[in-house]
Structures are given as structure tokens and as C-alpha cells.
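If you want the building blocks of each chain, they are given just below.
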Amino acid sequence: MSTLVFATNNKHKLREVREITGNSVIIRSLSDIELDAEIPEDQETIEGNARQKAMFIFSKTGMDCFADDTGLEIAALHGRPGVYSARYAGEGCDFADNIKKVLEEMNGIEDRRACFRCAICLIFRGNEYMFEGRVNGEITQSPSGADGFGYDPVFRPDNHSRTFAEMPAYLKNGLSHRGRAIQKMLRYLSELE
Ligand code: ITT
């Protein structure tokens, strides 16, 4: 079974990825390997950021690892917040600030189509691989639900009546951008082994 370091400082992503991978790989967090690092992510695309984060941890440790970069892309906002999803409302902002800014910008806009895109960069045995996952949906009029994280309370996936934050974790993970990208990575790893 492969052991992979997950290059993230986001504890919500870590929990989700462990739920998605189950017993198929061993996921080690940065704290598991006692690496306290501010990981750079200043690229202009989510693929670029995923690669930058994974390469940073690989260059420090030489261990098999992967990183996830995710963006919420809203059609009426020309793809924003996109690659700026984490700090959309400014430095030091929290999830609630970001949601408030998105809802303000979407005020009065009828076209509420949006998608989450997740890019995963895997560095395995010194080679680099990229996997993508995407889920389409819409931005709700107000936040709803207490599960998940980030923009989950205002994102309702297509063909569902609940936001991601109103769903149990297994349901979100079964159809989410991250769930899809991680499943692709797991399939690839199982072919390599
Ligand atoms: P790392 O780079 O350390 O992994 P991060 O929080 O900076 O963590 P990203 O840049 O990939 O991660 O994510 C940008 C933001 O997008 C994140 O802070 C959340 O607000 C949001 N986000 C990411 N995944 C999400 C999800 O599954 N549901 C809702 N919002 C999400």
C-alpha cells in the first residue's frame, strides 16, 4: 500500500481526503511528518498552485506526496473567486467573510451557475501527475447548513436540493470535485502498483 504525504495546511481537506481514500492508501499529514511549513501558492492557475505546493514538499522531503488546489468559479463573476478562493475577501479573512463577499456580488443576479474545480498534483516515485475533478451547481441566495467548510453553505450541486454543507460527508465526497479528483488518483495508483 502506498504512503503519501498530503501537502496541505487545511485540516478540512485532510479530513475529507482521509474519508475518501479509506484504507486504500496511507495519508500522512504535514504534522505527522513534523514539517511546519508555510507552503507557497502564488501561481495564476489552480493547476500551477497544486504543482507548486506538491513540488515544495517533495523538494523538502523527497517523499511521495500530493497537493490539492481548489477554486469556486462563478459564471456571472467571470470565473471569480477561482484561484483567489482562499483569500477572496482579503488577507486574514475567514470563510464567513468570503461567503459574504460572494453573496454581495451575486445580489440581484439571476444566473447563479457555478462550479468547484479541484486540481491534484501527485509526485510519485519522482514523476509528476495531474488529476482534475469538477462539480457543477449554483450559488444559493443565502448560506445553509453547518457541515463541510469554505463555500459549502452557498453551493448547491446540480440535481440536489441541499447545499454541500447540508449533506452528510459521504454524500458530498461521493460527488464533489475533490472526491472525483482523488478517485482518479487512486485508480492511477492502483494501475501503477
Ligand atoms: P492548502 O493550500 O493548504 O491546501 P487552502 O485553504 O489554501 O489550503 P485552496 O487554496 O485549495 O486551499 O482552497 C481555496 C479555498 O477554497 C479554501 O480556503 C476554501 O475556502 C475553498 N474550498 C476549497 N475546497 C472546498 C470545498 O470542498 N468546499 C467548499 N469550499 C472549498
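Summary of the structure given here.

On to the overall build of the protein chain, then. Along its length, the protein chain carries five helices and seven strands. When the helices and strands of the protein chain are placed in sequence order, the string is β-α-β-α-β-β-α-β-β-β-α-α. The C-alpha atoms of the protein chain give a radius of gyration of 16 Å, which matches the 16 Å a tight globule of 193 residues would have. The principal-axis extent of the C-alpha atoms belonging to the protein chain is close to 50 × 30 × 25 Å. Looking at the protein chain as a whole, 48% of its 193 residues qualify as buried. Counting contacts in the protein chain only where the partners sit at least 6 residues apart, residues at least 24 apart contribute 56% of the total. If you average the places of the 24 positive and of the 30 negative side-chain charges in the protein chain, the two averages end up 2 Å apart.

Residues Phe 66, Ile 120, Leu 122, Ile 182 and Met 185 are the most contacted members of the largest nonpolar core, which totals 19 residues. The set of elements that each furnish at least two residues to this core consists of strand E1 (3–6), helix H1 (11–21), strand E5 (113–124), strand E6 (127–139) and helix H5 (177–192). The element best represented in this core is H5, accounting for five residues. Ignoring anything within four residues of it in the chain, the contact list for Phe 66 reads Leu 4, Val 5, Phe 6, Ala 7, Val 17, Ile 27, Ala 54, Ile 120, Cys 121, Leu 122, Ile 182 and Met 185. If you look at the next biggest cluster of nonpolar residues, it comprises 18 residues, including Val 102, Met 106, Ile 139 and Phe 155.

Once that is clear, we can look at the site of the ligand. In the vicinity of the ligand lie 20 residues, with Thr 8, Lys 13, Lys 53, Asp 152 and Lys 172 positioned nearest. The contact in question runs from an oxygen atom of the ligand to an N or O atom on the side chain of His 177, over 2.9 Å. Calculation on the ligand without its partners gives an accessible area of 610 Å², and the protein chains cover 94% of this total. Counting residues per element, the shell around the ligand draws most heavily on strand E3 (residues 65–74), which supplies three residues. Of the residues belonging to the shell around the ligand, the class tally is five nonpolar, seven polar and eight charged.

Below, the discussion takes up the packing of aromatic side chains. Considering all chains together, one arrives at seven aromatic pairs under this definition. Ring geometry for Phe 116 versus Phe 164: centroids 6.2 Å apart, planes at 20 degrees, classification stacked. Of the two residues, Phe 116 is situated in strand E5 and Phe 164 in the loop between strand E7 (155–157) and helix H4 (169–175); the sequence distance between them amounts to 48 residues. Its relative accessible area of 1% is what places Phe 164 among the buried residues. Between Tyr 129 and Tyr 188 the ring centres are 4.9 Å apart and the planes differ by 50 degrees, which places this aromatic pair in the tilted class. One end of the pair, Tyr 129, is in strand E6; the other, Tyr 188, is in helix H5, and 59 residues separate them in sequence.

The rules behind these values
Residues numbered from 1 in each chain as written. Predicted model: local features only at pLDDT ≥ 70, side-chain atom pairs only at ≥ 80, totals over all residues. Heavy atoms only, no water. Helix = DSSP H or I, 4+ residues; strand = E, 2+ residues; numbered from the N terminus. Rg over C-alpha atoms; globule rule 2.2 N^0.38 Å. Buried < 20%, exposed > 50% of the residue type's maximum accessible area, 1.4 Å probe, protein only. Contact = heavy atoms within 4.5 Å. Lys, Arg positive; Asp, Glu negative; His and termini not counted. Charge placed at Lys NZ, Arg CZ, Asp CG, Glu CD. Core = buried A, V, L, I, M, F, W, Y, C linked by side-chain atoms within 4.5 Å. Near = heavy atom within 4 Å. Polar contact = N/O pair within 3.5 Å; in protein donor to acceptor, adjacent residues only side chain to side chain. Areas by Shrake-Rupley, 256 points an atom, 1.4 Å probe, with all protein chains shown as cover. Nonpolar A, V, L, I, M, F, W, Y, C, P; charged D, E, K, R; others polar. Phe/Tyr/Trp six-rings, centres within 6.5 Å; stacked < 30°, edge-to-face > 60°.

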